[in-house]
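Residue-level structure breakdown
Given next are the chains, with one letter for each unit.
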Number of protein chains: 2
Amino acid sequence: MVSKQILEDISNSSAIRAMFIEGKALAEEVGRENVFDFSLGNPCTPVPEAYTRAMLEIIREEDSLELHGYMDNTGYPEVRKAVADSLNRRFKTRFDAGNIIMTVGAAGAINVILKVLFDPGDELMVFAPYFTEYRNYCGNWRGVLSVVEPDYETFQPDLADMERKLSPKTKAVMINNPVNPSGVIYSEETIQRIASLLEQKQQEYGHEIYLISDEPYRELVFDGKTTPFLTKYYRNTFVTYSFSKALSIPGDRIGYLVVPKEMADFDTVFQGLAIANRITGFINAPALMQKAVARCLEEKTDVDFYDRNRKRIYEALTGLGFSCVKPEGTFYMFLKSPEPDEKKFIEAAKKHHIILVNGTTFACPGYVRLAYCVPYEMLERSLPAFAALAAEYGLKSA
Amino acid sequence: MVSKQILEDISNSSAIRAMFIEGKALAEEVGRENVFDFSLGNPCTPVPEAYTRAMLEIIREEDSLELHGYMDNTGYPEVRKAVADSLNRRFKTRFDAGNIIMTVGAAGAINVILKVLFDPGDELMVFAPYFTEYRNYCGNWRGVLSVVEPDYETFQPDLADMERKLSPKTKAVMINNPVNPSGVIYSEETIQRIASLLEQKQQEYGHEIYLISDEPYRELVFDGKTTPFLTKYYRNTFVTYSFSKALSIPGDRIGYLVVPKEMADFDTVFQGLAIANRITGFINAPALMQKAVARCLEEKTDVDFYDRNRKRIYEALTGLGFSCVKPEGTFYMFLKSPEPDEKKFIEAAKKHHIILVNGTTFACPGYVRLAYCVPYEMLERSLPAFAALAAEYGLKSA
């Protein structure tokens, strides 16, 4: 007697979590130290001390009824202003509190935006390989997913395919930059071409197409690279952000969304978002976490840790003959499976106690995701297992 | 270009918040001390010290990566077990961790349940006067609301009307006990009659009808009364709970839902709820708040404070000739408007600087809600204004 939608959600349910559970089962069998689990994107670098200190200070200093009470559904005005100021400093934008809504992470933000935009049957365009939850978020609001192929050399989106698939039903286009699972950063050129294509199609269809830029991995970029801030390229852009990865606090459920004043029908959209944040059940982002992140906007966890892992595993695996686009951000990399059916490769890897996630989950069959947010020494210990796996497939060392 | 649903949500948007904003505007005009604002259900009794102490201890003691990390989407197993144990002690139930999911408040819990149950067009039955957000939660999942009239003498539901309105499309029935906005407790007899009616209709229709018992005010009951625990009366019952009112922590967004093992298709329902909690964007209830409430399950804020307010305002207003069902729980009372159009009465009250919320919002035109979660001395100071209002309507003092 449950809904058809949830039955579909259950049957699609996360291959990522499934692999994580398989990893745990294997660990019980052969010992935790003998399993090389690269399945889950769970941050493993310490929470910045400033965050802990901020929490303790806030709890001690503030009146408890104020601290744990209701505020505007959009969040504390001073927190929203602090977020706006920080974005302005970093990205030369001109936001104020009126452009920001504090949310229950990026997942909360995206659901609130889709609730505001989507009538049943509207299309959400995503770029493969895409974060598998976008399909579920879209399903919540009875939208239909439209999947654009990547250029398999660069893992930038195939913009010719995008142009073919844009339609009058396209309500929004989702960008995740840097990309989970490929680790690629969409270049400024890619962004400019996407923006100009959308401008053209808006004109042609006579209505808005919204861009949603989901940026939970914004701070996890390497080699001095940065991601473009999309409101500067296209006015109908929402930005969604989570502090989960940058501060290693995914359990705390805190993030925000940005809506530029230049957006079409700004007032209606903003009012809709504030109401949607309330009625979808979030009410408001957790009060204490709002105040704590406001004091840590310039803090980052140890990004160099992830960078060291990235370099080690990328060089080791490509050295063994595996093929992989070079990751520039996030803590993921996307290996080409040495055989066409990557699920068979995953089974083979599991025999060497290596746990990976299939690319089909991200709409890219033939690839596997490896999450290298793991202790460095585990990563080191996994390399002989990868070498044995490469040998099994007859890969040639570089 | 926003969705039709959000346009409807905007136009229905909370009269409660609107009155709260009017109250603030009036306060700026005539001075805050001269406004008697009874619009908002914002707890005003202190947060128990045990909660603050628990938070500080947990932050100091626990490894920060563990404390702020992901856990199962259903919540920490030990927190879920603590909730189950506490319910078992109080209500002689037999729950374990496997019956409990920690949620982002009761609002989160209800949305997760409706997402699992509802196909578009399914009906949610509510009892007037009902908490206005139920309409919005139902709209999120494209359900249709079916509203049962109260018995206007007792404000228990009119069960003959319920029987008339139950239909094969009825997917779930929502109970809020004690009731926001009437303050009434549904008696055990009412519950038994509802349960037996639902059993009969399940039989007749050949499918389940679910009961959702929303209990954020469970601890705010007076005169030694208690509310029945509904899983004991009807097996297809979900219970939703929030700590917002009992601990005065509405900004913290923490609650839980209960699913009894006896529920039809328990495994599918529970799996659906766990997935829905993730994909609707909550992911999990805020980690720190889960751990903090687990240490405060037997704590309550100062319920006697609300009781003192209740007695004072109920006796004063009925003494002035106003008519009102006697509140037994919550911190609301539901006055009969002395003129048929309660919106005119609200305007008249506003001239005396009294801020109330119209009953139409709760599907009970001709009544107004008064939230007495206010400082006692403000309540005292409001009484001459109520006396003047009563005189204006020619009400007779008792």
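Since the structure is predicted, the reported quantities are computational estimates derived from the model, not experimental observations. (Residues numbered from 1 in each chain as written. Chains lettered and ligands numbered in written order. Predicted model: local features only at pLDDT ≥ 70, side-chain atom pairs only at ≥ 80, totals over all residues. Heavy atoms only, no water.)

**A word on the nonpolar core**
Here is the rule we go by: The criterion is simple. A nonpolar core is a set of buried Ala, Val, Leu, Ile, Met, Phe, Trp, Tyr and Cys residues joined through side-chain atoms within 4.5 Å. Think of it in three bands: residues with accessible area under 20% of the maximum for their type are buried, residues over 50% are exposed, and the middle band is partly exposed, with areas taken using a 1.4 Å probe on protein chains only. Contacts were defined at the residue level, with two residues in contact if any of their heavy atoms lie within 4.5 Å.
Counting residues in hydrophobic clusters, the biggest one holds 78 residues, and the most contacted among them are Phe238(A), Leu273(A), Phe238(B) and Leu273(B). Excluding residues within four positions of it along the chain, Phe238(A) makes contact with Ile113(A), Leu117(A), Tyr210(A), Leu211(A), Ile212(A), Ser213(A), Val258(A), Val259(A), Met263(A), Val269(A) and Leu273(A). If you look at the next biggest cluster of nonpolar residues, it comprises 75 residues, including Tyr51(A), Phe91(A), Ile100(A) and Val47(B).

**Comments concerning the packing of helix α10 (residues 266-279) of chain A against helix α1 (residues 4-11) of chain B**
Selection rule: Here an axis means a line fitted to C-alpha atoms, over the contact stretch when the element is a helix, while the angle between two N-to-C directions is reported on a 0 to 180 degree scale. Secondary structure elements follow DSSP: runs of H or I of four or more residues count as helices, runs of E of two or more count as strands, with numbering from the N terminus. By definition in this entry, angles of less than 35 degrees are roughly parallel, angles greater than 145 are roughly antiparallel, angles of 65 to 115 are roughly perpendicular, and the rest are oblique. Only Asp, Glu, Lys and Arg are considered charged, only Ala, Val, Leu, Ile, Met, Phe, Trp, Tyr, Cys and Pro nonpolar, and every remaining residue, Gly among them, polar.
For the pair α10(A) and α1(B), the least separation of the axes is 10 Å and the interaxial angle reads 80°. Between α10(A) and α1(B), the interaxial angle falls into the category roughly perpendicular. Contacts between α10(A) and α1(B) pair Thr268(A), Gln271(A), Gly272(A), Ile275(A), Ala276(A) and Ile279(A) from the former with Ile6(B), Leu7(B), Asp9(B) and Ile10(B) from the latter. In terms of residue class, the contact of α10(A) with α1(B) is made up of six nonpolar, three polar and one charged.

**Topic: the relation of the copies chain A and chain B**
Quick reminder of the rule: Residues reaching a pLDDT of at least 70 in both copies supply the C-alpha atoms on which the copies are superposed by least squares.
The two copies are related by a screw operation: chain A maps onto chain B through 180° of rotation and 0.0 Å of translation along the axis, at an RMSD of 0.0 Å. With respect to symmetry, the two chain copies, as superposed, fit the operation of a two-fold axis. The C-alpha atom lying nearest the rotation axis in chain A is that of Leu56(A); the distance is 3.2 Å. A high fraction, 100%, of the interface residues of chain A reappear at the interface in chain B, so the copies pair face to face through one surface.

**Some words on the interface of chain A and chain B**
Put simply, the rule is: Throughout, the accessible surface (probe 1.4 Å) given up by two parts as they are put together, summed over both, is called the buried area. Only one rule defines a salt bridge in this text: a Lys or Arg side-chain nitrogen within 4 Å of an Asp or Glu carboxyl oxygen. Any pair of N or O atoms that falls within 3.5 Å is considered a polar contact. Within protein, one atom must be able to donate a hydrogen and the other to accept it, and sequence-neighbouring residues count only if both atoms are side-chain atoms.
Contacts between chain A and chain B engage 80 residues on the former and 80 residues on the latter. The three residues of chain A that bury the most area against chain B are Met1(A), His68(A) and Tyr70(A), which together make up 13% of that side's buried surface. The interface formed by chain A and chain B includes six salt bridges. Of the charged contacts, one joins Lys4(A) and Asp119(B) as a salt bridge, the two residues approaching to 3.9 Å between their closest N and O atoms. Counting across the chain A and chain B interface gives 34 residue pairs in polar contact (both at pLDDT 80 or more). Among the secondary structure elements, those contributing two or more residues to the side of chain A that touches chain B are α1 (4-11), α3 (49-61), α4 (64-67), α6 (105-117), α7 (133-140), α10 and α11 (287-294) of chain A.

**A word on helix α5 (residues 77-91) of chain B**
All names here are of chain B. As a reminder, the rule being used: For a helix, the expected span equals 1.5 Å multiplied by the number of residues minus one.
End to end, α5 covers 21 Å across 15 residues, agreeing with the expected 21 Å (1.5 Å per residue, within 8%). Listed in full, the buried residues belonging to α5 are Val79, Arg80, Ala82, Val83, Ala84, Ser86, Leu87, Asn88 and Phe91. Looking at the packing, one finds that the buried side of α5 touches β2 (100-103), β8 (255-258), α10 (266-279) and α11 (287-294). Once α5 ends, the next one or two residues include Lys92, with phi positive near 55°.

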